[in-house]
Amino acid sequence: MGAVTDLSRINLQLAFPEESVAFRQNVLEQSFQNLGMGVAELALLQGPHREHVLDGVHLEGEENLARPGGGPSERGALIVTAHFGTWDLYAAAIARRYPLTVIHRGFKNERITEMMTRVRHAGGGDLEEVRMGPRAVTGLLGALRRGRYCILLMDQNARREEGVFTPFFSRLACTRSAPAVVAMRRGVPVYPGF
């Protein structure tokens, strides 16, 4: 854990150079607390308390998602989010109410990817997955054509050919441009989700 903590401190120094060491230490501690809560939520999603946990998820701004007939428009919609809290928790909660396609990178360890797929699908709901890669845009467009919500994590570094560089904590970072391009070209609404 020491190497992770050291790397985290370096990144916090880069992100918040004007802040005190005490401020950055507080952010680090809160980040690890958040990580611990996320692990606990994932554990609960795999057990007998799943429905109770999902019943407790409040989808603020859900009125933006709700459409007559209980789903997105015939054009579908994009939900963009980041790794804040357990995003799988709110993906599972959304999929209980609306048709949801999760666009994700997967993990380097295929066993973890398989475990997370089981967690996402354990409670039923209308959830499908599309892995990032050469065919991801095809999967995304197909899901939108079928009027589905598509959730994408936008805080992961994209390859140069997949994105655009934008300032992030005063440094350039590459973020995927496909969701914005798809939304503009298809007239698809984009909703932030946290």
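What counts as what
Residues numbered from 1 in each chain as written. Predicted model: local features only at pLDDT ≥ 70, side-chain atom pairs only at ≥ 80, totals over all residues. Heavy atoms only, no water. Pairing = 2+ DSSP bridges. Helix = DSSP H or I, 4+ residues; strand = E, 2+ residues; numbered from the N terminus. Buried < 20%, exposed > 50% of the residue type's maximum accessible area, 1.4 Å probe, protein only. Patch = residues over 30% accessible without salt bridge, like charges linked within 9 Å, V, L, I, M, F, W, Y side chains within 5 Å. Areas by Shrake-Rupley, 256 points an atom, 1.4 Å probe, with all protein chains shown as cover. Salt bridge = Lys/Arg side-chain N within 4 Å of Asp/Glu carboxyl O. Core = buried A, V, L, I, M, F, W, Y, C linked by side-chain atoms within 4.5 Å. Contact = heavy atoms within 4.5 Å. Expected span 1.5 Å × (residues − 1). Arc of directions from axis to C-beta. Polar contact = N/O pair within 3.5 Å; in protein donor to acceptor, adjacent residues only side chain to side chain.

**Regarding the pairing of strand E6 (residues 171-176)**
Part 1: Where strand E5 (residues 163-168) meets E6, 6 bridges bridge the pair, whose relative direction is antiparallel. Bridge pairing links Pro167 to Leu172 in E6.
Part 2: Hairpin connection between E5 and E6: a loop of 2 residues separates the two successive antiparallel strands, and Phe169 in this loop has a positive phi of roughly 50 degrees.

**Comments concerning unusual backbone geometry**
Across residues other than glycine, the phi torsion is negative in most instances, and most of the peptide bonds are trans.
Part 1: One non-glycine residue with positive phi stands out, namely Phe169, at about 50 degrees.
Part 2: Residue position: Phe169 is located in the loop between E5 and E6.
Part 3: In the Ramachandran plot, Ser170 falls in the positive-phi region, its phi being about 65 degrees despite a non-glycine side chain.
Part 4: The residue Ser170 is located in the loop between E5 and E6 in this model.
Part 5: Owing to a relative accessible area of 77%, Ser170 belongs among the exposed residues under this scheme.

**Let's talk about a nonpolar patch on the surface**
Part 1: Where nonpolar side chains cluster on the molecular surface, the patch consists of Leu7, Ile10 and Leu14 and spans about 270 Å² of accessible area.
Part 2: In this structure, Ile10 sits in helix H1 (residues 2-15).

**Overview of the nonpolar core**
Side chains of a nonpolar character, in soluble globular proteins, are inclined to be buried together.
Part 1: Ile79, Trp87, Leu100, Val102, Tyr149 and Ile151 are the most contacted members of the largest nonpolar core, which has 25 residues in total.
Part 2: Looking at this core, the elements that each hand over two or more residues are helix H3 (50-55), strand E1 (77-81), helix H5 (87-97), strand E2 (100-104) and strand E4 (149-153).
Part 3: A per-element tally of this core places H5 first, with 8 residues.
Part 4: With residues up to four places along the chain from it excluded, the contact list for Trp87 reads Ala82, Val102, Arg120, Ile151 and Leu153.

**Some points on the environment of Phe84**
Part 1: Looking at the element boundaries, Phe84 is found in the loop between E1 and H5.
Part 2: With relative accessibility at 54%, the residue Phe84 sits in the exposed group.
Part 3: Distance from Phe84 to Pro167, taken between C-alpha atoms, is 19 Å for residues 83 residues apart in sequence.
Part 4: In contact with Phe84, not counting residues within four places along its chain, are Tyr90 and Phe194.

**Observations regarding helix H6 (residues 110-121)**
Part 1: Counted at 1.5 Å a residue, the expected span for H6 with its 12 residues is 16 Å, and the 17 Å between its end C-alpha atoms agrees.
Part 2: Those residues of H6 not exposed but buried are Thr113, Met116, Val119 and Arg120. When H6 is viewed along its axis, its buried side chains cluster within an angular range of 120 degrees and face the same direction. Among the exposed residues of H6, those pointing more than 90 degrees away from its buried face are Arg111 and Arg118.
Part 3: As for H6, its buried residues are in contact with helix H2 (21-45), H3, H5, E2 and strand E3 (127-131).
Part 4: Where H6 begins, the capping side chain belongs to Asn109, and its oxygen is found 2.8 Å from the backbone nitrogen of Arg111.

**Some details on the pairing of E4**
Part 1: A large share of E4 lies buried, amounting to 5 of its 5 residues.
Part 2: The alternating pattern of E4 places Tyr149, Ile151 and Leu153 on one face and Cys150 and Leu152 on the opposite face, and all of these are buried.
Part 3: Sheet analysis places E1 next to E4, joined by 5 bridges and oriented parallel. Bridging across to E4, Thr81 finds its partner in Leu153.
Part 4: Inspection of the sheet shows E2 paired to E4 by 4 bridges, in the parallel sense. The partner of Ile103 across the bridge, within E4, is Leu152.

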